[in-house]
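# Notes for the structure review
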Amino acid sequence: TLLTLGPRTFYNTAIALHSYNGSVTGYIHIGLPSSSVSSKVYSMALKSGAVFVVFFLISFACVVIFVKRYISGPIGTLLAGVKTVAEGDFKLSLPEMTTREFKELAEKIETMAASLASRDAALHNNYEELATTHNQLRDSFQKLEQLSSQLEKSEELYKTLLEDAGDAIIVLDQNETVALANKKAEELLGYSANELIDKHISSLLLSLQVENIPHILQIINDAKTGTPIVEELTMHTKQQVKVIGQMLIG
């Protein structure tokens, strides 16, 4: 019970005293000042609070250490590895992970890096092959241009020689069609070059009224073997002038 004696308050505890026959003969009263009890309770509360705070801090520190060591640390390492791969460095070797999940993830990242390294090497080789092929094609194109220029010069020289030749010259292509005719041929036959070019040899022989055309055609066919053949023939010009001459086929 709580007793108030003047300005002070006490906690009163009564203990009964019994006689030999069990009857109560009196009471022992023990009184404690309320201020003393309150100070003890406050002191115990402070100690309990301090213990709780210390325990909380130790627990929190353990959680932080665990998270840093087993979660955030491995995640940071894996992120650094992925960043390294993203920057183009495929020679990646991650440290041993502490947990199975992170270990599997690290292995997959290393496998991905190895695959990218292999693909990068293949692309590099393909690029070198393409560069080599490009250089070869460029060199070939330059050589073709040089050959084309030389052929054009040769063709111009050939045409000049044909035009300036003292004999009548007619050139047939592989289809036995007139491809070229020089000025002497125009003067001899009476036809212009435009009238002769693209004219089949058999049609030309008919226009010139050449005698024994099948024989002449056979000679032209035999001359394809490369042996020049000289043959005398009689023909008529566009103006119906009879001309007798020798024909060199080769």
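Look up a bit, the structure's there.
Conventions adopted
Residues numbered from 1 in each chain as written. Predicted model: local features only at pLDDT ≥ 70, side-chain atom pairs only at ≥ 80, totals over all residues. Heavy atoms only, no water. Salt bridge = Lys/Arg side-chain N within 4 Å of Asp/Glu carboxyl O. Helix = DSSP H or I, 4+ residues; strand = E, 2+ residues; numbered from the N terminus. Buried < 20%, exposed > 50% of the residue type's maximum accessible area, 1.4 Å probe, protein only. Patch = residues over 30% accessible without salt bridge, like charges linked within 9 Å, V, L, I, M, F, W, Y side chains within 5 Å. Areas by Shrake-Rupley, 256 points an atom, 1.4 Å probe, with all protein chains shown as cover. Contact = heavy atoms within 4.5 Å.

### Notes on the pattern of salt bridges
The full count for this structure, using the stated rule, is 2 salt bridges. Salt-bridge contacts for K184 lead to E187; the nearest nitrogen and oxygen are separated by 3.9 Å. Taken together, the positions of K184 and E187, both in helix α3 (residues 183–189) and 3 residues apart, correspond to about one turn of that helix. K184 gets classed as partly exposed once you look at its relative accessible area, which sits at 35%. The class of E187 is exposed, set by a relative accessible area of 59%. Salt-bridge contacts for E195 lead to K238; the nearest nitrogen and oxygen are separated by 2.8 Å. Taken together, the residues span a long stretch of sequence, with E195 in helix α4 (residues 193–196) and K238 in the loop between β6 (229–236) and β7 (242–249) at a distance of 43 residues. Taking relative accessible area as the criterion, E195 reaches 35% and is therefore assigned partly exposed.

### Considerations on a nonpolar patch on the surface
A surface patch of nonpolar side chains, amounting to about 620 Å² of accessible area, comprises F52, V53, F56, L57, F60 and V64. Considering the arrangement of structural elements, one finds V64 in helix α1 (residues 34–86).

### Remarks on the environment of F102
Along the polypeptide, F102 turns up in helix α2 (residues 100–164). With a relative accessible area of 16%, F102 lands in the buried category. As for F102 and I71, which are separated by 31 residues in sequence, their C-alpha atoms are 8.8 Å apart. Sequence-distant contacts of F102, defined by excluding residues within four places in its chain, comprise Y70, I71, P74, I75, L78 and M97.

### So, unusual backbone geometry
A positive phi angle, close to 60°, is found at E176, a residue other than glycine. Phi is positive for Q209, close to 55°, though the residue is something other than glycine. Note on placement: Q209 falls in the loop between α5 (201–207) and α6 (213–222). With relative accessibility at 35%, the residue Q209 sits in the partly exposed group.

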